[in-house]
Amino acid sequence: LTIVESAAPEQSTPKRAVIVAIAEPARAAAWRERLAALLPDYTVVDDTEPTPADRVRYAMVWKPRRGFFGAYPQLRAILSIGAGVEDILSDPMLPQGIAIVRMIDDALTVGMREYVLLHVLRYHRRQPELEAAQQERRWQPIDAGTAAERRVGIMGLGVLGCDGARHLSSLGFKVAGWKRKPAAIDGIEVFAGREGLDAFLARTQILVCLLPLTAATRELIDAEFLKKLPRGACVINASRGECLVENALLAAIDSGHIAGATLDVFAREPLPPDHPFWTHPKITITPHIASLTALESGARHIAAAIADLEADRVPLGLVSRGNGY
Ligand code: NDP
Ligand code: OXD
């Protein structure tokens, strides 16, 4: 999606443009329409429309094609309709020095909260074992214990991780989180950096990954990592598939060390039909739907970011290129 300034009728100067680059046409059209209503001073155009490149001031994108940004020399900022920005940061034509703003959206946060609560509760209450018993018509009462006895660990205590952690804590779970920099968060035990990782894993029975994909988190969840979780731990990955080494997870589950996994994201999406995850009895698959940006609130976030950038204010969700998120 590209935003371009359009010309006022009585002026010869054309309006600046916002260009929208979203591969799915229906979704792109909906975003264009919402943004156009919020940005009357701009022309909002699709990246498939011929648009003078030097009028394009902002690009609103989701998984843009490689090299996309190279076509727009006057770009002031890139606005992502997703929270993860690894595709933008890895583009070889990414201009230096311009702002990148990621999505922060209440609906996205609430959606992820629901996903995290649903799947943590499912493992806490040992629902997969009950479902397996039902398949065999086996009456198998299970005492799952209380939330106060269950230790949940959230990797990534940012907008989404922190929200999930707080809600799990309010249900009574023993919640810890792992992040890059130390911090104090009420009701959450915080572990930081590589030096805090082993202790965090050793105490975690249900692990939730909500890390961004960066050089430091790529393939972080490998065989060695999984061994550091206690036997019988479960893994939920709703961040990026590349944070996890898929074969290592399969081996850890098949050895009995990891009891089960719920995966929303994969190194290759859509997950190929012959992938072993599809049919594994201890793996639950969802098709990258843990949470979705809502059009209304998401477009408001983007319009507010543009207003902030035009006024030289720091927009909410400004990405640190150095940190990679
Ligand atoms: P934030 O940027 O708000 O939070 C990122 C968190 O990860 C921070 O707490 C940060 O630590 C921590 N972190 C980053 N790198 C490291 C590291 N090397 N070691 C330890 N901790 C690290 O991101 P969001 O919460 O908004 O989103 C997280 C991710 O969720 C997105 O990047 C995206 O990939 C994924 N996502 C998936 C969706 C889905 O539907 N599956 C939907 C939306 C997002 P610190 O606080 O110290 O900086
Ligand atoms: C995101 C996502 O990053 O939906 O927002 O994966």
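Above this text is the structure in question.
This is a predicted model, so every value here is computed, not measured.

Q: In this structure, what is going on with unusual backbone geometry? I would like to understand it.
A: Trans is the prevailing form of peptide bonds, just as negative phi is the prevailing case for residues other than glycine. Each neighbour pair has its own omega, and for E269 with P270 the value is -5 degrees, a cis peptide bond. Structurally, the position occupied by P270 is in the loop between β12 (258-263) and β13 (283-285). With a phi angle near 50 degrees, R137 is a residue other than glycine that sits in the positive phi range. Locating R137 in the fold gives a position in the loop between α4 (127-135) and β7 (151-155). Under the relative-accessibility criterion, R137 is labelled exposed at 82%.

Q: Would you explain the site of ligand 2 in this entry?
A: By nearness alone, every residue bordering ligand 2 is listed as W62, G82, A83, G84, R240, H288 and S291. Between an oxygen atom of ligand 2 and a main-chain N or O atom of G84, the distance comes to 2.8 Å. At a separation of 2.7 Å, an oxygen atom of ligand 2 approaches a polar side-chain atom of R240. Protein chains shield 85% of the accessible area of ligand 2, which is 210 Å² for the free molecule. Residue composition of the shell around ligand 2, by class: 2 nonpolar, 4 polar and 1 charged.

Q: I tried to follow the site of ligand 1 on my own but got confused; where do I start?
A: Taken together, 27 residues sit near ligand 1, with R102, V159, K181, D264 and Y325 positioned nearest. One of the backbone N or O atoms of L157 is found 2.9 Å from an oxygen atom in ligand 1. Y325 places a side-chain nitrogen or oxygen 2.4 Å from an oxygen atom of ligand 1. Calculation on ligand 1 without its partners gives an accessible area of 950 Å², and the protein chains cover 93% of this total. Of the residues contributing to the shell around ligand 1, the split by class is 14 nonpolar, 7 polar and 6 charged.

Rules of the game
- Residues numbered from 1 in each chain as written.
- Chains lettered and ligands numbered in written order.
- Predicted model: local features only at pLDDT ≥ 70, side-chain atom pairs only at ≥ 80, totals over all residues.
- Heavy atoms only, no water.
- Helix = DSSP H or I, 4+ residues; strand = E, 2+ residues; numbered from the N terminus.
- Buried < 20%, exposed > 50% of the residue type's maximum accessible area, 1.4 Å probe, protein only.
- Near = heavy atom within 4 Å.
- Polar contact = N/O pair within 3.5 Å; in protein donor to acceptor, adjacent residues only side chain to side chain.
- Areas by Shrake-Rupley, 256 points an atom, 1.4 Å probe, with all protein chains shown as cover.
- Nonpolar A, V, L, I, M, F, W, Y, C, P; charged D, E, K, R; others polar.

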